[in-house]
Amino acid sequence: MYITGIGRTKFGVLSKSLIELAYEAMYNAINDGPIDITDIDAIYVSNFLGGPLNGQLHLNSAIASLLPDMNIPIIRIETACASSSVALNQAIQSLSQFSNVMVVGVEKMTDSKYMNPTDAIAMAADNILDYQNGLIFPASYALIAQQYMLKYGIGHDVLEQVSYLNHKNSNLNPLAHFSYKDVSMEMIRQSPIVASPINLFDCSPISDGAAAAIISKDRCSDRDIEILSSHVSTDSISISQRKDLTSFNATKTAVKKAYAEAGINPDDLDIVEVHDCFTISELIALEDLGLCEPGRSCDMIENGDISIDGRIPVNTDGGLKANGHPIGATGLAQIFEVVTQLRGEAGKRQISDHEVGLAQNIGGIGGTAGITIMRG
Ligand code: COA
């Protein structure tokens, strides 16, 4: 199986509608590779909040309106922030039946007439156990950060470095939400507390955007990227049901299967995209993916291991923190970055060795995890 085309929009506070964003990403993916829209056998649409924020459900049919008379199967997938890696996984499974499948992820989070995004995002947690007890997302991740910092004896300065690195990378990515924002360590340190110890610069932003990929059974061109493995795992929705908040079992389960299927180990990875919805989740991801021992991701940050010129570059596009987090599109934006890097087409942020890459996308508070491993 191969990724034969990729496309995305800019992420940020945008004036385009949900459907216009989806169209732009799909159009760019078609124009990126040799597969024509008429060669597409099915489409998987990933979206989390079209109903609550845009008053728009039945998205599969809304996408069909962009493709008059094609009458192909179009299916919507929703697994919170992991929606697009799960949609990709389902598209890959469908290649037993189809030759070319498109996956498109889209979210329009700003400027909602219907609901505020904080309450809408909270639908990814347990309504009774979490939301009704005040656990909106920054608060849940604040509890995780508190427990992690206490267990491993690290200070907020490590989270500040994670934020700084992601903002630095996003300035090399013209499509990022914060691509032109000059962010200093001082700005990060001085930013207001959202839910202690999490401050503004520990949070991913509220973003609009879309991303798309075309998956084909057969290789079509020398720019194609091979999919070595794709695995999804799930866990309980409420953090009150977790024994340990400093690690996500869904990530560990999915990545173990993904490494085994791909026949690789963490040392073989040249580029990794992790789901840093809050800076603490980047530290946890590095450990859950086996890139270091539990509690030692601070060393990777300190040693410069995850920088673009480091041992194992991470979130070269700026991550969710600074590339942005339009929820339904996020997992596919990670795929977009890994594919761009593996092709050697990442321009100023291009890494030097680029053979194997991994994307980790999680939903909610680690309730869903999608892992994709690719080879150039
Ligand atoms: N990081 C850095 N700067 C941010 C930011 C973020 N996450 N979010 C907003 N800003 C900046 C804006 O660019 C703006 O800057 P400017 O004045 O220079 O233009 C300023 O802060 C105010 O923006 P605004 O949109 O009014 O911020 P807000 O207070 O409404 O939202 C948060 C800030 C942190 C509450 C919001 O970004 C948030 O909820 N993030 C978490 C999203 C989330 O939970 N996602 C799911 C994760 S699983």
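Before reading further, recall that the structure is shown in the block above.
Residues numbered from 1 in each chain as written. Predicted model: local features only at pLDDT ≥ 70, side-chain atom pairs only at ≥ 80, totals over all residues. Heavy atoms only, no water.

Quick word on the pattern of salt bridges
Two side chains with opposite charge may pair up if their charged atoms get near one another.
Okay, so step 1: By the definition in use, this model includes 14 salt bridges.
Okay, so step 2: Across the pair Lys108 and Asp208 runs a salt bridge whose closest N-O atoms are separated by 3.1 Å. Of this pair, Lys108 sits in the loop between strand E4 (100-107) and helix H5 (117-121) while Asp208 sits in the loop between strand E6 (198-199) and strand E7 (209-216), and the two are 100 residues apart along the sequence. Judged on exposure class, the residue Lys108 and its partner Asp208 are both buried.
Okay, so step 3: Close ionic contact of Arg242 with Asp235 constitutes a salt bridge, the shortest N to O distance being 3.5 Å.
Okay, so step 4: With relative accessibility at 28%, the residue Asp235 sits in the partly exposed group.
Okay, so step 5: Sharing partners across several salt bridges, the network here consists of Asp32, Arg223, Arg343 and Glu345. (Salt bridge = Lys/Arg side-chain N within 4 Å of Asp/Glu carboxyl O. Helix = DSSP H or I, 4+ residues; strand = E, 2+ residues; numbered from the N terminus. Buried < 20%, exposed > 50% of the residue type's maximum accessible area, 1.4 Å probe, protein only.)

Describing a negative patch on the surface
Okay, so step 1: Together, Asp267, Asp268, Asp353 and Glu355 give the surface a local cluster of negative charge.
Okay, so step 2: Mapped onto the secondary structure, Asp353 falls in the loop between helix H13 (327-343) and strand E10 (356-363). (Patch = residues over 30% accessible without salt bridge, like charges linked within 9 Å, V, L, I, M, F, W, Y side chains within 5 Å. Areas by Shrake-Rupley, 256 points an atom, 1.4 Å probe, with all protein chains shown as cover. Lys, Arg positive; Asp, Glu negative; His and termini not counted. Charge placed at Lys NZ, Arg CZ, Asp CG, Glu CD.)

Comments concerning the environment of Leu245
Okay, so step 1: With respect to the helices and strands, Leu245 occurs in the loop between strand E8 (225-234) and helix H9 (249-262).
Okay, so step 2: Since its relative accessible area comes to 11%, Leu245 is described here as buried.
Okay, so step 3: It is 5.5 Å that separates the C-alpha atoms of Leu245 and Ile144, two residues lying 101 residues apart in sequence.
Okay, so step 4: Non-local contacts of Leu245, meaning those with residues more than four positions away in its chain, are made with Leu143, Ile144, Gln147, Ile239 and Ile284. (Contact = heavy atoms within 4.5 Å.)

Re the nonpolar core
Okay, so step 1: Formed by 66 residues in total, the largest nonpolar core has its most connected members in Tyr141, Ile280 and Ile373.
Okay, so step 2: For this core, the element with the most residues is helix H6 (residues 137-152), which contributes 8 residues.
Okay, so step 3: In this structure, Ala82, Phe98, Ala213 and Ile335 belong to the second largest nonpolar core, which totals 34 residues. (Core = buried A, V, L, I, M, F, W, Y, C linked by side-chain atoms within 4.5 Å.)

Side note on the sheet that holds E4
Okay, so step 1: One open sheet holds the 9 strands; their spatial order is E3-E2-E4-E7-E1-E8-E11-E10-E9, and the pairing between them is mixed. Looking at which strands have only one partner, the edges of the open sheet turn out to be strand E3 (74-77) and strand E9 (271-273). Pairwise comparison of adjacent strand axes, ignoring direction, gives a mean angle of 25° for this sheet.
Okay, so step 2: Across 8 bridges, the pairing between E4 and E7 is antiparallel. Looking at E7, one finds that Val103 is bridged to Ala213. (Pairing = 2+ DSSP bridges. Axes fitted to C-alpha atoms, helices over the stretch in contact; angles between N-to-C directions.)

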